[in-house]
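Residues per chain are reported as follows:
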Amino acid sequence: MAKELKELTSQDENYSQWYQDLVVKADLAENSAVRGCMVIKPYGYAIWEKMQRILDDKFKETGHHNAYFPLLIPKSFLSREADHVEGFAKECAVVTHYRLKNDPEGSGVIVDPAARLEEELIIRPTSETIIWNTYKNWIQSYRDLPLLINQWANVMRWEMRTRLFLRTAEFLWQEGHTAHATREEAEVEARKMQNVYADFAENYMAMPVIKGVKTESERFAGAVDTYTIEAMMQDGKALQAGTSHFLGQNFGKAFDVTFIDKEGKTDYAWATSWGVSTRLIGALIMSHSDNNGLVLPPHLAPIQVVIVPIYRSAEQLAQISEKVNKIIAGLKASGISVKYDDRDTKKPGWKFAEYELKGVPVRLAMGGRDLENNTIEVMRRDTLEKETVTCEGIEAHVKNLLEEIQRNIFRKALEHREKHTVKVDTYDQFKEKLEEGNFILAHWDGTPETEERIKNETKATIRCIPFDDATPGQCMVTGKPSAQRVLFARAY
């Protein structure tokens with residue numbers, strides 16, 4: 001195990017390779033036989049399950065219900081909303097036939113040319129079209145609104161350059177799709193779900209985010225407004241961690257979803273959609289982890305505490321286990337997930353390295369001397385600090401320590417972002433600070449032409465127009481008036 005850890009590329013040497021190494025060596029995921037797709041391994045999926053469970057509870061607390069819609073979407077559906085089809089056309093995987101047959105020449109199976117579909121089917125890149133076609137049958141009156149639906153599903157967006165969790169052809173996500181009687185109600189819903197995502201990112205992922213709205217060129221295809229949360233990774237790049245879209249009446253009109261309002265008039269339904277995906281696991285890794293492996297916030301760690309016995313004989317192991325089992329019972333009673341690793345096939349040092357690599361927040365170790373002194377060694381993964389404490393009250397000590405680790409991980413990430421967020425007033429300053437790996441707050445004249453020029457010349461994009469900065473000024477590129485500073489960064 002020590003040798004494997006040495007093979008983990010350091011962040012300073014090659015951040016991208018460090019990330020790839022860590023995903024594989026920490027047993028989170030691996031590339032599959034299908035190009036561009038990944039296998040999420042049990043430890044990686046356990047993190048996703050915790051994310052799912054927390055988010056699902058939050059969705060239900062805000063009145064949403066889960067449903068499931070088809071994986072396959074008729075091609076004609078995508079052409080009903082012009083911006084939507086243009087946004088996704090280059091990423092669509094298309095089903096053209098429904099049957100295989102044995103090759104008459106004996107070279108395996110081939111597509112049966114006689115089994116061509118009358119209309120091709122698209123493997124869903126997102127589900128607005130199939131869902132709004134369904135909503136037409138569900139909505140007739142204002143009494144049917146609001147309709148608040150969420151779906152946990154997989155989607156397919158054809159990708160040529162992939163990176164585990166961050167960008168794969170198939171990924172897991174949730175997508176909320178809501179219908180409303182008024183514009184105001186839909187806009188409130190879109191902002192509400194942005195806040196749900198921000199709360200999850202900061203209080204569970206320990207990842208500080210900036211809330212804002214996307215520019216027209218960066219918004220979701222078919223949206224009137226896209227609200228986003230943007231996070232800084234340790235290399236200074238941004239990662240879009242969640243989006244919520246106000247879709248106006250675009251999909252209501254495209255699929256003729258009308259309702260009778262309280263005054264007896266017919267109107268089109270107002271829409272939102274919102275989603276986060278397994279790229280959050282990538283964000284979790286890049287926000288906190290180090291050259292020793294993963295650093296997982298306790299609120300999302302599959303194993304919050306691991307206990308390793310250090311013994312010389314079976315008799316001593318039995319004595320340690322008797323003591324440890326009482327501690328385990330106390331920790332579990334406090335809602336803490338615990339693993340007791342008493343395997344005799346691996347030495348304690350190997351186990352220490354393994355759980356450090358996997359980012360387990362707290363490691364407890366008990367040996368013969370601890371048994372005699374009624375003590376136990378405690379190590380915290382975020383700082384790698386160790387202490388020996390009494391077993392009396394260990395459960396409360398560990399519970400408090402987990403919360404301290406959660407706060408410390410967030411604090412560290414926030415300090416990193418604040419240190420690497422700068423305001424600039426000239427284009428030369430912008431280019432200089434961008435190369436140092438910063439988030440940049442700068443004035444922009446609001447035109448897509450200037451936005452595109454900056455993107456082409458620097459590879460930086462406007463991540464969002466933040467909600468908390470409304471100071472006017474002059475565009476750093478053109479000198480024209482600017483309503484406020486916007487957030488620029490290079491991004492994943």
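Report follows, based on the coordinates. Just so you know, these numbers come straight off a predicted model, no measurement behind them.

### Focus on the sheet that holds strand β18 (residues 338-340)
With mixed pairing, 5 strands are arranged side by side in an open sheet as β18-β17-β19-β20-β21. Edge positions in the sheet fall to β18 and β21 (386-390), since each has one partner strand and no second. Taking each pair of neighbouring strands and ignoring which way they run, the sheet shows an average axis angle of 25 degrees. Direction of pairing for strand β19 (residues 362-366) relative to strand β20 (residues 375-380): antiparallel, over a ladder of 4 bridges. Looking at β20, one finds that Arg-363 is bridged to Met-379. Seen against the sheet, helix α10 (residues 314-333) touches β17 (305-309), β18, β19 and β20 and runs at an angle of roughly 170 degrees to β18.

### Some details on the layout of surface pockets
Of the voids in this model, the second largest pocket is the one considered here, and its volume is about 270 Å³. As for the second largest pocket, its lining consists of Ile-210, Lys-211, Arg-417, Glu-418, Thr-421, Lys-423, Leu-441, Pro-466, Phe-467, Asp-468, Asp-469 and Leu-487. Counting only elements with at least two residues in the lining of the second largest pocket, the list comes to β11 (210-213), α13 (394-419) and β22 (421-423). Looking at side-chain class alone, the lining of the second largest pocket contains 5 nonpolar, 1 polar and 6 charged residues.

### Some words on the pairing of strand β10 (residues 170-180)
Summarising burial for β10: 9 of the 11 residues are buried, a large majority. Here strand β9 (residues 147-156) runs beside β10; their pairing, made up of 10 bridges, is antiparallel. Looking at β10, one finds that Leu-147 is bridged to Ala-179. Two elements, β10 and strand β16 (residues 270-277), share 8 bridges in a ladder whose sense is antiparallel.

### Regarding the sheet that holds strand β13 (residues 238-248)
Sheets are built from strands that pair by backbone hydrogen bonding, the pairs being arranged parallel or antiparallel. As summarised here, the arrangement of the 11 strands in space is β3-β9-β10-β16-β13-β12-β11-β24-β27-β23-β22, forming an open sheet in which the pairing is mixed. Edge positions in the sheet fall to β3 (65-66) and β22, since each has one partner strand and no second. As judged from the 3 bridges shared by strand β24 (residues 461-466) and strand β27 (residues 485-489), these two strands associate in the antiparallel manner. Residue pairing for β27: Cys-464 is matched across the bridge by Leu-487. Against the sheet, helix α7 (residues 183-203) makes contact with β9, β10, β11, β12 (225-232), β13 and β16, and its axis sits at roughly 10 degrees relative to β16, the strand it touches most. Along the sheet, α13 makes contact with β11, β12, β22 and β23 (439-443), crossing β22 at roughly 25 degrees.

### With respect to the side chain of Ser-289
Looking at the element boundaries, Ser-289 is found in the loop between α9 (279-288) and β17. Accessibility expressed as a relative area gives 1% for Ser-289, which makes it buried. Aside from chain neighbours lying at most four places away, what touches Ser-289 is Gln-11, Trp-18, Leu-22, Gln-234, Leu-284, Leu-294 and Val-295.

### Details of the packing of α10 against α13
Running from amino to carboxyl end, α10 crosses α13 at an angle of 50 degrees, the nearest separation of the two axes being 9 Å. By the angle between their directions, the pair α10 and α13 is classed as oblique. Viewed along their axes, α10 and α13 form a crossing whose handedness is right-handed. On α13, the residues that touch Lys-326, Ile-327, Gly-330 and Leu-331 of α10 are Ile-394, Glu-395 and Val-398. Here the residues of the contact of α10 with α13 are counted per class, giving 4 nonpolar, 1 polar and 2 charged.

### Structural notes on the nonpolar core
If you look at the biggest cluster of nonpolar residues, it comprises 56 residues, and the most contacted ones within it are Leu-28, Met-51, Met-205, Met-207, Met-233, Ile-285 and Met-286. Considering each element in turn, this core owes the most residues, 7 residues, to helix α3 (residues 42-61). In contact with Met-51, other than residues within four places in its own chain, are Phe-200, Met-205, Leu-280, Ile-281, Leu-284 and Leu-300. Ranked by size, the runner-up nonpolar core spans 27 residues in total, among them Ile-122, Leu-247, Val-257 and Ala-271.

### Some thoughts on the packing of aromatic side chains
Enumeration over the complete set of coordinates arrives at 16 aromatic pairs. Judged by centre distance (5.0 Å) and plane angle (40 degrees), the ring pair of Tyr-15 and Trp-18 falls under tilted. Within this pair, Tyr-15 and its partner Trp-18 are both found in helix α2 (residues 15-25), separated by 3 residues, close to a single helical turn. Across the pair, Trp-18 and Tyr-15 agree in class, each one buried. Ring pairing ties together the aromatic residues Trp-48, Phe-59, Trp-152, Tyr-197 and Trp-274, which thus form one cluster.

### Re the packing of α2 against α9
The contact between α2 and α9 brings their axes to 11 Å, and the two run at 120 degrees. Considering their axes alone, α2 and α9 lie oblique with respect to each other. Pair α2 / α9 crosses with right-handed handedness. Contacts between α2 and α9 involve Tyr-15, Trp-18, Tyr-19, Leu-22 and Val-23 on the former and, on the latter, Gly-282, Ile-285 and Met-286. For the contact of α2 with α9, a count of residues per class yields 7 nonpolar, 1 polar and no charged.

### What to know about the environment of His-416
Within the fold, His-416 resides in helix α13. Along the primary structure His-416 and Val-306 are separated by 110 residues, whereas in three dimensions their C-alpha atoms are 29 Å apart. Excluding residues that lie within four positions of it along the chain, His-416 makes contacts with Met-232, Met-233 and Gln-234.

### Here's the deal with the side chain of Arg-279
Examined against the element boundaries, Arg-279 turns out to sit in helix α9. Buried and unpaired, Arg-279 has no salt bridge, with Glu-230 as the nearest side chain of opposite charge at 7.3 Å. Those residues within four positions of Arg-279 in sequence are excluded, and the remaining contacts are Phe-165, Leu-166, Arg-167, Leu-239, Gln-240 and Tyr-492.

### Structural notes on unusual backbone geometry
Omega for the peptide link from Leu-145 to Pro-146 comes to -5 degrees, which places this bond in the cis form. With respect to the helices, strands and loops of the structure, Pro-146 is situated in the loop between α6 (128-138) and β9. We note that Asn-374 has phi near 60 degrees; this positive angle belongs to a residue other than glycine. Along the chain, the position of Asn-374 falls in the loop between α12 (368-373) and β20.

### Things to note about the environment of Gly-222
By the secondary structure assignment, Gly-222 is in the loop between β11 and β12. For the pair formed by Gly-222 and Pro-113, sequence separation is 109 residues and the distance between their alpha carbons is 35 Å.

About the criteria used
Residues numbered from 1 in each chain as written. Predicted model: local features only at pLDDT ≥ 70, side-chain atom pairs only at ≥ 80, totals over all residues. Heavy atoms only, no water. Pairing = 2+ DSSP bridges. Helix = DSSP H or I, 4+ residues; strand = E, 2+ residues; numbered from the N terminus. Axes fitted to C-alpha atoms, helices over the stretch in contact; angles between N-to-C directions. Contact = heavy atoms within 4.5 Å. 1 Å grid on protein atoms, 1.4 Å probe; cavity = no way out; pocket = protein on both sides within 12 Å on 5 of 7 lines; lining within 4 Å. Points joined across faces, edges and corners; volume = space filled by probe spheres on them. Nonpolar A, V, L, I, M, F, W, Y, C, P; charged D, E, K, R; others polar. Buried < 20%, exposed > 50% of the residue type's maximum accessible area, 1.4 Å probe, protein only. Parallel < 35°, antiparallel > 145°, perpendicular 65-115°, else oblique. Left-handed = near helix turned anticlockwise from the far one by under 90°. Core = buried A, V, L, I, M, F, W, Y, C linked by side-chain atoms within 4.5 Å. Phe/Tyr/Trp six-rings, centres within 6.5 Å; stacked < 30°, edge-to-face > 60°. Lys, Arg positive; Asp, Glu negative; His and termini not counted. Salt bridge = Lys/Arg side-chain N within 4 Å of Asp/Glu carboxyl O.

Read these as geometric descriptors, not functional statements.
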